[in-house]
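Analysis of the macromolecular model
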Amino acid sequence: MHENEKIRQYFLSTQRTFEAVIVTEGTGESVLLDSLRSSGWNCTVSFPTQATSDIESICPLAVFIDLRVPHPSQVAKDVSSVSTEEVLIASIAEKHISEKRRRALAQSNIIHHVTWNTRDVTLFDYVGRLANRIRALPALFTVLDETDQAVEVCDEHRVVQYVNRAYENVTGCIRSEVIGQPESEMRRKSLPRARGEEERRRSSDWKFIRVPFANNSQFVYMKRSNTTGEAAIFRDVSLKSLKSQTGGIEAPISEVLTMLRDVSCRVDGEPAQTIKDAMKVLSSHELYAPSINRFRDADRIATQYYDGLIRLHHPARQRKRSVVDAHREKRGSHGERRRVSADVKNALENDNCWKFDILHLEKVSDHHALSQVGMKVFERWKVCEVLGCSDDLLNRWVLSIEAHYHAGNTYHNATHAADVLQATSFFLDSPSVAIHVNESHAVAALLAAAVHDLDHPGRGNAYLINTRQSLAILYNDNSILENHHIALAFQLTLQHNANVNIFSNLSREEFIQMRHAMVEMVLATDISRHFEYLAKFNKMHVTDVAEEQRDTNSLTICDMLVKCADISNPAREWGLCQRWAHRIVEEYFEQTREEKEKGLPVTMEVFDRNTCNVPITQCGFIDMFAREAFATFTEFAKLGELSEQLESNYEKWKLMTSQWTPTHNTNLVL
């Protein structure tokens, strides 16, 4: 017997006991009941007053309602309301009922009628066998989603009915975008049209399988196992595959990797492995940095040149604790409680929740949100223990940092820094993130978030370049503000007379690593390098990696984490989202006004107070930057509700676009 026919016969012959409930005020004993029991049904007789309770506990496949009970239609509605699965509801009477009565009962989900003396239970046997198949489907689909082989199921019209997660990884397509669409050669470039067994044997890349139960009306395409493992090379979430209205933004290296991946699917053996090795090399975070190892042990002079002039940073090789490990060891440890007012204490109540209202804290703390939320977050993450400093020293440091933010900026001020710090802490709290982040990087991320916009002048990098500001000259027009923020943070921290050096008890190696991580994370907030960091994160491989790669991954995750925290306003609860948007827009309005007054190139013409449609600018920012970043990061962090909030806010902004007029642009920030 053909293997497919064996499977088919197995499903048809497999029996199990099915549950049925008979709702009646009598005993229920009848020819019908005997026939059901002889066909393998377990029948429970239930009084109308007990019916819903019995149905909830038994979860029957069929319910029979005696038409002699009071209000059978209401009983049927009650049954439908408590059934967790689809249930067949039938009525029972001494004789057949009229067509008019049938139609009336159908309004209450009673879809079949039988008599007490019938022996024909064929319909119910068929429903039982069908249910046997259907109840196996969730397990089958779960297995399909876990397999490394890509699977695509099409109907007789070659329309896609199902694809699994491995298919998404291999093709770079999102499931919701594929299902319901015609099969595509663009998605399966090496996949031939399935016409029979001969073609099935010719396919070197995918195999074609006829579904045994559908009379050849369904087709399954399965990626052959010779490419197993390819999907695991990268977290392959292409920028183009995510829901976006920009769609055309793709890093060149991502396009190269996509092309190589497609080629690797078409070859076998050594060429396929060579291509995969090349893809791993190209996925390096330092693509153009030299990888010199042939002489390190043999040539002392060359090795010292390399260490002294090229590899300036010498990371230690000791095993680093993850955030999870660190907090497991420190559980139950609490420092002294700081004294804060009742209003501030209440405002800080839910600082570990995404709906935390930092603007309310700004109000009740008299614009000291950063120092208030900062110390609470630092206390929770045991920052003092990691740095080896006192609470008092850390508090002085936070106050010093807070004092060097410009209170006159509507957006880039200490409250924004506090908001980014709170978001960073929230992201680190995710178990899916914490397991991959080491303790020192977690602390570096929190400190970087606190200083990431230090001394921001309320004007962008382009403005500083166009006005030939000293900072632009100093940093050669490259990431001007970001370099300034982190450089000033270390200048303030390390100056001898300030007594705020929170790093004083770190070893030289520990300080170098902490500084390196903080610099990297602050520079990652440069929006001009947004897609570079996003591409790096997308190509990161987190399973079965060496210790050195795990450390690199930890830093990459924190780069992305702080970056997302910095642009998280569009994903906040709507009220906060709207107020933050008004703040940033107000700052842009002022920059545009000043640029026009001074005859400078206008950085963003769209932010002219006299013409700007604010909702359109917010939709544009989400389309251009926020959606891609949050779709990618929240998938990794298993925080999908944030992307849902972002999309909800997007729709609200979209609805407002048609009613917005320039008159709304006055007094945005009250």
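Because the structure is a prediction, the values reported are computed rather than measured. (Residues numbered from 1 in each chain as written. Predicted model: local features only at pLDDT ≥ 70, side-chain atom pairs only at ≥ 80, totals over all residues. Heavy atoms only, no water.)

Moving on to the overall build of the protein. The secondary structure content of the protein amounts to 30 helices and 9 strands. The 670 residues of the protein split such that 48% are buried. Residue pairs in contact within the protein that sit at least 24 positions apart in sequence constitute 67% of those at least 6 positions apart. Surface summary for the protein: the accessible area is close to 33500 Å², and the carbon and sulfur share equals 52%. (Helix = DSSP H or I, 4+ residues; strand = E, 2+ residues; numbered from the N terminus. Buried < 20%, exposed > 50% of the residue type's maximum accessible area, 1.4 Å probe, protein only. Contact = heavy atoms within 4.5 Å. Areas by Shrake-Rupley, 256 points an atom, 1.4 Å probe, with all protein chains shown as cover.)

A cluster of nonpolar residues, Tyr126, Leu130, Ile134, Leu137, Leu140 and Phe141, forms a patch on the protein surface that exposes about 530 Å² of accessible area. Within the secondary structure layout, Leu130 lies in helix 6 (residues 122-146). According to the relative accessible area criterion, Leu130 is partly exposed, its value standing at 35%. (Patch = residues over 30% accessible without salt bridge, like charges linked within 9 Å, V, L, I, M, F, W, Y side chains within 5 Å. Salt bridge = Lys/Arg side-chain N within 4 Å of Asp/Glu carboxyl O.)

All right, on to the packing of helix 28 (residues 574-597) against helix 30 (residues 640-656) then. Their axes nearest at 10 Å, the elements helix 28 and helix 30 cross at an angle of 60°. When the axis of helix 28 is compared with that of helix 30, the two are oblique. For the crossing formed where helix 28 meets helix 30, the hand is right-handed. When helix 28 is examined against helix 30, the residues Trp574, Cys577, Gln578, Ala581 and His582 are found in contact with a partner set consisting of Gln645, Asn649, Lys652, Trp653 and Met656. Per-class residue counts for the contact of helix 28 with helix 30 are 5 nonpolar, 4 polar and 1 charged. (Axes fitted to C-alpha atoms, helices over the stretch in contact; angles between N-to-C directions. Parallel < 35°, antiparallel > 145°, perpendicular 65-115°, else oblique. Left-handed = near helix turned anticlockwise from the far one by under 90°. Nonpolar A, V, L, I, M, F, W, Y, C, P; charged D, E, K, R; others polar.)

What follows deals with the side chain of Ser568. Counting through the fold element by element, Ser568 comes out in the loop between helix 27 (547-566) and helix 28. Setting aside residues up to four positions removed in sequence, Ser568 forms contacts with Trp354, Asp419, Ala423 and Phe630.

Turning our eyes to something else, we now look at the UniProt feature "binding site: AMP" (unreviewed entry) in the protein. Residues annotated in UniProt with the feature "binding site: AMP" (unreviewed entry) correspond here to His412, Asn413, Ala414, Thr415, His416, Asp453, Asp566 and Gln618. Looking at where Ala414 falls in the secondary structure, it is placed in helix 19 (residues 414-428). Residue classification places Ala414 among the buried positions, given a relative accessible area of 10%. Among all residues touching Ala414, those that are not within four sequence positions of it are Leu370, Glu402 and Tyr405. Position of Asp566 relative to the elements: it lies in helix 27. With residues near it in sequence (within four places) discarded, Asp566 still touches Tyr411, His416, Val420, His452, Asp453 and Thr525. Only 3.0 Å separates the side chain of Asp566 from the side chain of His452, close enough to count as a polar contact. (UniProt positions renumbered as here; feature names shortened; annotations may be inferred. Polar contact = N/O pair within 3.5 Å; in protein donor to acceptor, adjacent residues only side chain to side chain.)

This part is about the UniProt feature "active site" (unreviewed entry) in the protein. Within this structure's numbering, the places UniProt gives as "active site" (unreviewed entry) are His412. With respect to the secondary-structure elements, His412 resides in the loop between helix 18 (391-403) and helix 19.

With that out of the way, let us pick up the sheet that holds strand 2 (residues 41-46). Taken in spatial order, the 5 strands line up as 2-1-3-4-5 in an open sheet, and their pairing is parallel. Of all strands in the sheet, those with a lone pairing partner are strand 2 and strand 5 (112-115), marking the two edges. In this sheet, neighbouring strand axes are inclined to one another by 25° on average, regardless of whether the strands run parallel or antiparallel. The pairing of strand 4 (residues 88-93) with strand 5 spans 4 bridges and is classified as parallel. In the strand pairing of strand 5, Ile92 is matched with Val114. Against the sheet, helix 3 (residues 51-58) makes contact with strand 1 (18-23), strand 2 and strand 3 (62-66), and its axis sits at roughly 180° relative to strand 1, the strand it touches most. (Pairing = 2+ DSSP bridges.)

Further remarks concern the pattern of salt bridges. Applying the stated criterion to the full structure yields 21 salt bridges. In this structure, Glu594 engages Lys598 in a salt bridge whose closest nitrogen and oxygen atoms are separated by 3.0 Å. Where Asp608 meets Lys596, a salt bridge forms, and the shortest distance between an N and an O atom there is 2.4 Å. Taken as a pair, Asp608 in the loop between helix 28 and helix 29 (614-637) and Lys596 in helix 28 lie far apart in primary sequence, 12 residues in all.

The end-to-end C-alpha distance of helix 11 (residues 269-282), which contains 14 residues, comes to 20 Å, matching closely the 20 Å that a straight helix rising 1.5 Å per residue would cover. Taken as a whole, helix 11 has its buried residues at Ala272, Ile275, Lys276 and Met279. Summarising the axial view, the buried residues of helix 11 lie within an arc of 100°, below the 170-degree limit, and thus occupy one face. More than 90 degrees from the buried face of helix 11, the exposed residues found are Glu270, Lys280 and Val281. Where helix 11 is buried, its residues contact helix 10 (252-264). (Expected span 1.5 Å × (residues − 1). Arc of directions from axis to C-beta.)

In terms of nonpolar packing, the biggest core is built from 107 residues, with Phe378, Leu387, Trp397, Phe427, Leu447 and Phe633 touching the most fellow members. Ignoring any residue separated from it by four or fewer positions in sequence, one finds Leu387 in contact with Val443, Leu447, Ile502, Phe503, Asn505, Leu506 and Met514. If you look at the next biggest cluster of nonpolar residues, it comprises 19 residues, including Phe18, Trp41, Cys43 and Val114. (Core = buried A, V, L, I, M, F, W, Y, C linked by side-chain atoms within 4.5 Å.)

One non-glycine residue, Cys59, adopts positive backbone phi at about 55°. Structurally, Cys59 is set in the loop between helix 3 and strand 3. The exposure class assigned to Cys59 is partly exposed, which follows from its relative accessible area of 37%. The backbone of Asp366 shows a phi angle near 60°, a positive value even though the residue is not glycine.

The next point concerns the packing of helix 21 (residues 439-451) against helix 25 (residues 508-523). Contact geometry of helix 21 with helix 25 gives a least axis separation of 9 Å together with a crossing angle of 50°. Comparing the axis directions of helix 21 and helix 25 gives the class oblique. The element helix 21 and its partner helix 25 pack so that their crossing is right-handed. Here Ser440, His441, Val443, Ala444, Ala445, Leu447, Ala448 and Val451 of helix 21 lie close against helix 25, whose contacting residues are Met514, Ala517, Met518, Met521 and Val522. A breakdown of the residues in the contact of helix 21 with helix 25 according to their chemical character gives 11 nonpolar, 2 polar and no charged.

The next thing to look at is the pairing of strand 6 (residues 151-154). Burial of the side chains of strand 6 extends over both faces: Val151 and Val153 are buried on one face and Glu152 and Cys154 on the other. Summarising the sheet, strand 6 and strand 7 (residues 160-163) pair through 3 bridges and their orientation is antiparallel. Within strand 7, the position partnered with Glu152 by the bridge is Val163. In sequence, strand 6 turns back onto strand 7 through a hairpin of 5 residues, with Arg158 there showing a positive phi of about 60°.

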